[in-house]
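Topology and contacts: notes
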Amino acid sequence: MLVSGALSLTPSAAYAFQGSNYGFAAGGWSLSNVIDKYSFTSDGNSVDHGDLSVSRYGVSGTSSTTHGYNSGGSDNTQSLTTIDKFSFTSSAGAADVGDLTQVRHNTASSSSSTHGYASSGGRWGTTASDVIDKWSFASDGNATDVGNITVARDSLTGQSSSDYGYASSGYTGSDSDVVDKFSTSSDGNATDVGNLTVARFNCCGQSSTTHGYTSGGRILATNHTNVIDKFTFSSDANATDVGDLTAGNHQQAGSSSTDYGYMACGNRTTGAKTNVIEKFSFASDANATDVGDVTVGRENYPAGTQY
């Protein structure tokens, strides 16, 4: 029983990765600086939300409650360390607010309530990195090296639960089906917790409150795939195939609302850069549907974020 005048304390809600308003796709090939914004509350085309500080592709996207962050990438001559930040509520564009610990592109991105993460990724002229970087959302600054994933790989994708970051798929000289996870409450190395249904790279990632999704991608031997894989956050286990994209697609930007996973841009089975925005339901396993277009069709890992 509460004593009169006493405070009733309840636990704070767990961090939620998902957005309820808008998804964003930033950068991409051909050397784009465009930040597109599209609605989560109604289907339709995107609008231009400003520009990155540097035109680039192979960018990684992370989200705080107020800003989108775009890290790394390539300007087609070298890998970059740039961490850009842009406001979700203003279209003024992005500012350079720090650097990764290593030059990298095509990393796996994850977010906690306090930090952004970039895991592994390719590096021009040398082998892929296995480093997990993190940087603060509270103040602008450089990233720090906080651990390693189990297998260094290029062109992988990331997911986020309330307690862990994930890195799935990738390329190591052959297609990878590895799903790694690492704690976002303490620094340390990742562990291998399962496998995708299809080994592949150039995928995009989405996250519900209970599951991670790895969508599309490229299988080296047969090119594009349309597979949507799902794996649970509640236990370490292999993924299951739960649906298909509208067409085989790779190098997309992934974002997550409270109800749907989204993919924007990419390279379709036809070999052309696409401007399509697709979504699929988190509530039931099903195929994706085409719900709109971005302002400029592009490929090669535009960065996906959500608000």
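Definitions and cut-offs
Residues numbered from 1 in each chain as written. Predicted model: local features only at pLDDT ≥ 70, side-chain atom pairs only at ≥ 80, totals over all residues. Heavy atoms only, no water. 1 Å grid on protein atoms, 1.4 Å probe; cavity = no way out; pocket = protein on both sides within 12 Å on 5 of 7 lines; lining within 4 Å. Points joined across faces, edges and corners; volume = space filled by probe spheres on them. Helix = DSSP H or I, 4+ residues; strand = E, 2+ residues; numbered from the N terminus. Nonpolar A, V, L, I, M, F, W, Y, C, P; charged D, E, K, R; others polar. Pairing = 2+ DSSP bridges. Axes fitted to C-alpha atoms, helices over the stretch in contact; angles between N-to-C directions. Phe/Tyr/Trp six-rings, centres within 6.5 Å; stacked < 30°, edge-to-face > 60°. Buried < 20%, exposed > 50% of the residue type's maximum accessible area, 1.4 Å probe, protein only. Lys NZ or Arg CZ within 6 Å of the ring centre and 35° of its normal. Contact = heavy atoms within 4.5 Å. Core = buried A, V, L, I, M, F, W, Y, C linked by side-chain atoms within 4.5 Å.

Enumeration over the complete set of coordinates arrives at 2 cavities of 30 Å³ or more. Counted as a void, the largest cavity has a volume near 210 Å³. Lining the largest cavity are 26 residues; nearest its centre among them are G61, S109, T157, G254 and G304. Of all the secondary structure elements, the ones that give two or more residues to the lining of the largest cavity are β4 (60–63), β8 (108–111), β12 (157–160), β16 (204–207), β23 (253–256) and β28 (303–306). For the lining of the largest cavity, the leading source of residues is β8, giving 4 residues. For the lining of the largest cavity, the residue count by class is 10 nonpolar, 16 polar and no charged. Estimates place the volume of the second largest cavity at around 30 Å³. Lining the second largest cavity we find Y166, V179, V193, F231, T232, S235, D236 and A237.

So, on to the sheet that holds strand β14 (residues 176–183). Strand order in this open sheet of 4 strands is β12-β13-β14-β15, and the pairing throughout is antiparallel. The open sheet is flanked by β12 and β15 (191–200), the only strands paired with a single partner. Each strand axis lies, on average, 25° off the axis of its neighbour in the sheet, ignoring direction.

This part takes up the packing of aromatic side chains. Working definition: an aromatic ring pair is given by the centre-to-centre distance plus the angle between the planes. Inspection of every chain in the model, using the stated rule, returns 18 aromatic pairs. On the basis of an interplanar angle of 25° and a centroid distance of 5.1 Å, the ring pair of F24 and F88 is categorised as stacked. Pair noted here: F24 is in strand β1 (residues 22–26) and F88 is in the loop between β6 (80–87) and β7 (95–104), with a separation of 64 residues, a long-range link. Each member of the pair, F24 as well as F88, is classed as buried. Look at W29 and Y57: their rings are 5.2 Å apart centre to centre, the planes differ by 90°, and that puts the pair in the edge-to-face class. Placement of the pair is W29 in the loop between β1 and β2 (34–39) and Y57 in the loop between β3 (47–51) and β4, with a sequence separation of 28 residues. Grouping aromatic residues by their ring pairs yields a cluster made of F24, F86, F88 and Y307. For K181, the ring lying beneath its charged end belongs to Y164, and the centroid distance is 4.2 Å.

Here the focus is the environment of Q102. Topologically, Q102 is positioned in strand β7. A residue is classified by how much of its surface remains accessible, and Q102, at 23% relative accessible area, is partly exposed. Expressed as a C-alpha distance, the spacing of Q102 and G72, which sit 30 residues apart in the sequence, is 8.7 Å. With residues up to four places along the chain from it excluded, the contact list for Q102 reads L80, T81, R123, S129, V131 and D133.

What follows deals with the layout of surface pockets. What the largest pocket holds in volume is close to 200 Å³. Lining the largest pocket are 13 residues; nearest its centre among them are H105, N106, G122, W124 and D154. Partitioning the lining of the largest pocket into residue classes produces 3 nonpolar, 8 polar and 2 charged.

On to unusual backbone geometry, then. Look at the link from W29 to S30: it is a cis peptide, with omega at 20°. Relative to the helices and strands, S30 resides in the loop between β1 and β2. Positive phi outside glycine occurs at N223, with the angle close to 70°. Its place among the elements puts N223 in strand β19 (residues 223–224).

Okay, the nonpolar core next. Formed by A25, Y38, F40, A253, Y262, A264, C265, I277, V291 and V294, the largest nonpolar core amounts to 10 residues. Leave out the neighbours within four places in its chain, and V294 touches D36, S46, A264, C265, N275 and I277.

As a further point, take the side chain of S256. Assignment of secondary structure puts S256 in strand β23. A relative accessible area of 1% places S256 in the buried class. The contacts of S256, once residues within four sequence positions are left out, are F17, Q18, G19, F40, Q206, S207, F282 and Q306.

These figures come from the coordinates and say nothing about function on their own.
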